[in-house]
Amino acid sequence: MADQSVEITEGCRLPVLRKNQENEDEWPLAEILSVKDISGKKLYYVHYIDFNKRLDEWVTPDRLDIKKLQFPKKEAKTPMKNGLPGSRPSSPERDVKKSLDLHVQSASATSRGKTLPTLKRKADSVSLATQVTAATPVTSLPGSVDASQASVYPAMRDSSFSIKSRDEHEPLTSLTTNGTSSIQRHLIPPQPGRKRKSCGGTDEMVKMFQNNSPRCPTVFLLPGEDSQDSSDGIPSAPRMTGSLVSDRSHDDIVTRMKNIDCIELGRHRLKPWYFSPYPQELTSLPILYLCEFCLKYLKSLKCLQRHLTKCNLRHPPGNEIYRKGTISFFEIDGRKNKAYSQNLCLLAKCFLDHKTLYYDTDPFLFYVMTEYDSKGFHIVGYFSKEKESTEDYNVACILTLPPYQRRGYGKLLIEFSYELSKVEGKTGTPEKPLSDLGLLSYRSYWSQTILEILMDLKSENGERPQITINEISEITSVKKEDVISTLQYLNLINYYKGQYILTLSEDIVEGHERAMQKRHLRIDPKCLHFTPKDWSKRGKW
């Protein structure tokens, strides 16, 4: 549908034909990121607006709807404040906020006939944290209920389910990074007209009893006060300065585009999702060849065959710390095995958009999961972690390679990371922000792990069984903030007779049981041979 008389340039937007999950034609709006000419025929690299970048692709002119072409707007010069030369440019966000504040103050002052006093920051935070009424449902999490249920319980997924974009999930990610105090204030809103009793400690007590149906337990949650992390009660933004977190400030047209067409890794051919900084001369090749054992990249099949005659590796370098059946885990030190670690990061960057790549792999440990057969140990996925984390991160990057996705390996990687935390005697949490698929996997793992504990509680001496949030955290090694946010995510919080309770409905219980029946791959702690090191002693690096 493209009209050759109209020149389509970079930055233009127009509808582009693509197939959806049901293999039906659709015309989403897309932005032209690049144009190239091959043998006199133009190709356009498009990014579908509001779609994940992994769907970006090169398209032919016949897939463009030229009738609805939108040309890029010319960038205006930054206006000076008050139009005076030499003055600092005004911030649109600051001006909007200022105008809104003035508007609110003037409206209130007019209605009351007096000027509003300026509220202090702390007073603002208290009012923000306590304005939620009991009638307000605890639903600060975005996304549809269907999507959340499908991610937690695969058996309940229907054909209409589709993975949401990263933007829809980011507020959910930020929830797990907020301080404990701010989470609890939103998780357990005060009841108007009732006085709240304080436990005066950090242990929220959870009481379980059977309510009518033996399959529908209800948990009592008594709130405590432990305002240590957030002094003013205002939720902090997701931390964007992590070891491998990309701050997105250096994105340009080069890194927005996939630069590798295809990767051959062992018996698999992979289509990369995102940009990865492989050497420039390799980006024009139709296929990039990787040795599946040392992950070295080569430009041709002939080079790969020659390399395989010299490469003695049949498993990742490092120590094998776990083996059960055909599944093994290898621990790799980023300082001792630098070449392998860098090659692993280059491969992972093809499928991770939220992480930036550092060639300095010394501060990291890499845990590679493999599947064994007669030819050797084939990489399935991996996760990395900092040797020393000041914020209790037990995962920096985590990836299951596309050929092994949707087979339970992602949860196995997550479960293994928490088993290591248990041996270390710590609670852990993944580094934020998570990708959309990573967030779904973690939410599903947390939900299943916590529900498993709550459903296994048994009464003693006829009394209701009791458990605290801290005890759940200690048993699972899941950080306390993640436990609380998961309970909120499952929408289990209710207010009953002056107490906050968690009610497990029939649907939740049955959905959890179906999901656990499908979860065949589990980590066996008896097969783990791991001794944690004290990395604070620099000599061990």
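Each chain has its residues counted from 1, running along the sequence as written. Only residues with pLDDT of 70 or above have their local features reported here, since the model is predicted, and side-chain atom pairs are shown and tallied only from 80 upward, although totals for entire chains, interfaces and linings are computed over all residues. In computing side-chain properties, one takes all heavy atoms of the structure into account and sets aside hydrogens as well as water.

**Concerning the overall build of the chain**
What counts here: Runs of H or I in DSSP of at least four residues are treated as helices and runs of E of at least two as strands, each being numbered from the N terminus. Buried residues are those whose accessible area, probed at 1.4 Å on protein chains only, stays under 20% of the maximum for their type, while exposed residues exceed 50% and partly exposed ones sit between those limits. Only heavy atoms matter for contacts: two residues are in contact if any of them lie within 4.5 Å across the pair. The method behind every accessible area is Shrake-Rupley, applied with a 1.4 Å probe, and residues are considered shielded solely by the protein chains displayed.
Scanning the chain from N- to C-terminus turns up 12 helices and 22 strands. Within the chain, the fraction of its 541 residues that count as buried is 47%. Long-range pairs, those at least 24 residues apart, make up 65% of the contacts in the chain between residues at least 6 apart in sequence. Summed over its atoms, the accessible surface of the chain is roughly 28900 Å², and 51% of this surface lies on carbon and sulfur atoms.

**Focus on the packing of aromatic side chains**
For clarity, the threshold we go by: Between rings of Phe, Tyr and Trp, where Trp is taken as its six-membered ring, a pair exists when centres lie within 6.5 Å; planes separated by under 30 degrees are stacked, by over 60 edge-to-face, and by other angles tilted. Criterion for a charge above a ring: Arg CZ or Lys NZ at most 6 Å from the ring centre, at most 35 degrees from the ring normal.
In this structure the tally under the stated criterion is 17 aromatic pairs. Taking 3.8 Å as the distance between ring centres and 5° as the angle between the ring planes, the aromatic pair formed by Phe329 and Phe416 counts as stacked. Residue Phe329 is located in strand S14 (residues 327-333), and its partner Phe416 is located in helix H8 (residues 409-424); the two are separated by 87 residues in the primary sequence. Summarising the burial analysis for this pair, Phe329 and Phe416 share the class buried. What links up through ring pairs into an aromatic cluster is the set Tyr322, Phe329, Tyr367, Phe383 and Phe416. A cation over a ring is seen here: Arg18 above Tyr48, with NZ or CZ 5.3 Å from the ring centre.

**Section: the nonpolar core**
Looking at soluble globular proteins, one finds that nonpolar side chains tend to be buried together. Keep this limit in mind: Only buried residues count toward a nonpolar core, which is a set of Ala, Val, Leu, Ile, Met, Phe, Trp, Tyr and Cys residues joined through side-chain atoms within 4.5 Å. Where a domain begins and ends is set by an automatic assignment or by a domain database.
Core analysis: the largest hydrophobic core is formed by 79 residues, its most contacted members being Phe329, Leu347, Tyr382 and Phe416. When residues of this core are assigned to their parent elements, the largest contribution, eight residues, is made by helix H9 (residues 436-456). Both of domain 2 (259-313) and domain 3 (318-456 + 507-527) provide at least three residues apiece to this core. Not counting chain neighbours up to four residues away, the residues in contact with Phe329 comprise Asn319, Glu320, Ile321, Tyr322, Val368, Met369, Leu412, Leu413, Phe416 and Ile523.

**A closer look at a positive patch on the surface**
The following threshold applies: In this scheme, patches are assembled from residues that exceed 30% relative accessible area and form no salt bridge. Like charges are connected within 9 Å, while nonpolar side chains (Val, Leu, Ile, Met, Phe, Trp, Tyr) are connected within 5 Å. Criterion for a salt bridge: a side-chain nitrogen of Lys or Arg within 4 Å of a carboxyl oxygen of Asp or Glu. Two residue types count as positive, namely Lys and Arg, and two as negative, namely Asp and Glu; His and chain ends fall outside the count. In plain terms, the charge of a residue is placed at NZ if it is Lys, CZ if Arg, CG if Asp and CD if Glu.
On the surface, a cluster of positive charge is contributed by Lys296, Lys299, Lys302, Arg306 and Lys310. Its place among the elements puts Lys296 in the loop between strand S11 (288-290) and strand S12 (297-298). Its relative accessible area of 40% is what places Lys296 among the partly exposed residues.

**Notes on the state of the cysteines**
Under the convention used in this document: Count a disulfide wherever a pair of cysteine sulfur atoms falls within 2.5 Å.
Using the criterion set out here, one finds zero disulfides in the structure. As a non-bridged cysteine, Cys311 has Cys291 as the owner of its nearest cysteine sulfur, 4.0 Å distant.

**A short note on the sheet that holds strand S18 (residues 397-400)**
Strand pairing within a sheet occurs via backbone hydrogen bonds; the two strands may be parallel or antiparallel. Selection rule: Two strands make a pair as long as DSSP finds a minimum of two bridges between them. Only the contacting stretch of a helix is used when fitting its axis, a line to C-alpha atoms as for every element, and angles between N-to-C directions run 0 to 180 degrees.
Across the sheet, five strands lie side by side as S13-S14-S15-S16-S18; this open sheet has antiparallel pairing. Single-partner strands in this sheet number two, and they are strand S13 (319-324) and S18. In this sheet, adjacent strand axes meet at a mean angle of 20° when their direction is disregarded. The pairing of S14 with strand S15 (residues 364-373) spans seven bridges and is classified as antiparallel.

**Topic: helix H11 (residues 480-489)**
The buried fraction of H11 amounts to 10 of the 10 residues, a majority that puts the element mostly inside the structure. Among the residues of H11, those classed as buried are Lys480, Glu481, Asp482, Val483, Ile484, Ser485, Thr486, Leu487, Gln488 and Tyr489. One or two positions beyond H11, positive phi appears at Asn491, with a value near 60°.

**Concerning the environment of Gly318**
Structurally, the position occupied by Gly318 is in the loop between helix H6 (301-310) and S13. Measuring from C-alpha to C-alpha, the distance between Gly318 and Asn337 comes to 7.7 Å, with 19 residues separating the pair along the chain. Excluding residues that lie within four positions of it along the chain, Gly318 makes contacts with Phe330, Glu331, Ile332 and Asn337.

**Describing the confidence of the model for the chain**
Spelled out, the test is: A residue's pLDDT is simply how confident the predictor is in it, with values from 0 to 100.
On average, residues of the chain score 74 in pLDDT, and 65% of them reach the 70 mark or higher. Of the regions scoring below 50 in pLDDT, residues 102-215 engages in 205 contacts with residues more than four places distant in sequence or in other chains. Of the regions scoring below 50 in pLDDT, residues 245-250 engages in 16 contacts with residues more than four places distant in sequence or in other chains.

**Brief notes about unusual backbone geometry**
In this structure, Pro433 follows Lys432 across a cis peptide bond, with omega equal to 0°. Position of Pro433 relative to the elements: it lies in the loop between strand S19 (429-430) and H9. Its identity as a non-glycine residue notwithstanding, Leu295 has a phi of 65°, on the positive side. Its location among the elements puts Leu295 in the loop between S11 and S12. A residue is classified by how much of its surface remains accessible, and Leu295, at 1% relative accessible area, is buried. Positioned with a positive phi, Ser477 is a non-glycine residue whose angle comes to about 65°. Of note, Ser477 is situated in the loop between helix H10 (469-476) and H11.

**A word on the pattern of salt bridges**
Pairing between side chains of opposite charge can happen when their charged atoms approach one another. Considering all chains together, one arrives at 19 salt bridges under this definition. In this structure, Glu320 engages Arg323 in a salt bridge whose closest nitrogen and oxygen atoms are separated by 2.7 Å. Residue Glu320 is classed as partly exposed on the basis of its relative accessible area, which comes to 31%. Several salt bridges share partner residues, and in doing so they unite Glu415, Glu452, Arg519 and Arg522 into one network.

**Looking at the pairing of strand S16 (residues 376-386)**
Here is the key point about a regular strand: its side chains alternate between the two faces of the sheet. Extensive coverage of S16 is indicated by the burial of 11 of its 11 residues. Here S15 runs beside S16; their pairing, made up of 10 bridges, is antiparallel. The residue bridging Val368 from the neighbouring strand is Tyr382, located in S16. Count of turn residues in the S15/S16 antiparallel hairpin: two residues. As judged from the four bridges shared by S16 and S18, these two strands associate in the antiparallel manner. Along S18, the bridge assignment pairs Ser384 with Cys397.

**Some thoughts on the packing of H9 against helix H12 (residues 506-518)**
Packed helices, taken two at a time, are described by their axes: the angle between them and the distance between them. Condition: For a crossing to be left-handed, the near helix must be turned anticlockwise from the far one by less than a right angle; the clockwise case is right-handed. Each residue is assigned to one class: nonpolar for Ala, Val, Leu, Ile, Met, Phe, Trp, Tyr, Cys and Pro, charged for Asp, Glu, Lys and Arg, and polar for all the others, Gly among them.
Where H9 contacts H12, the axes come no closer than 11 Å and their chain directions differ by 115°. Here H9 runs over H12; the crossing is left-handed. Between H9, through Gln448, Leu451, Glu452 and Met455, and H12, the contact on the second element is made entirely by Ile508, Val509, His512, Glu513, Ala515 and Met516. Of the residues contributing to the contact of H9 with H12, the split by class is six nonpolar, two polar and two charged.

**Here we look at the environment of Ala515**
As for its placement among the helices and strands, Ala515 is situated in helix H12. In this structure Ala515 comes out as buried when scored by relative accessible area, which is 4%.

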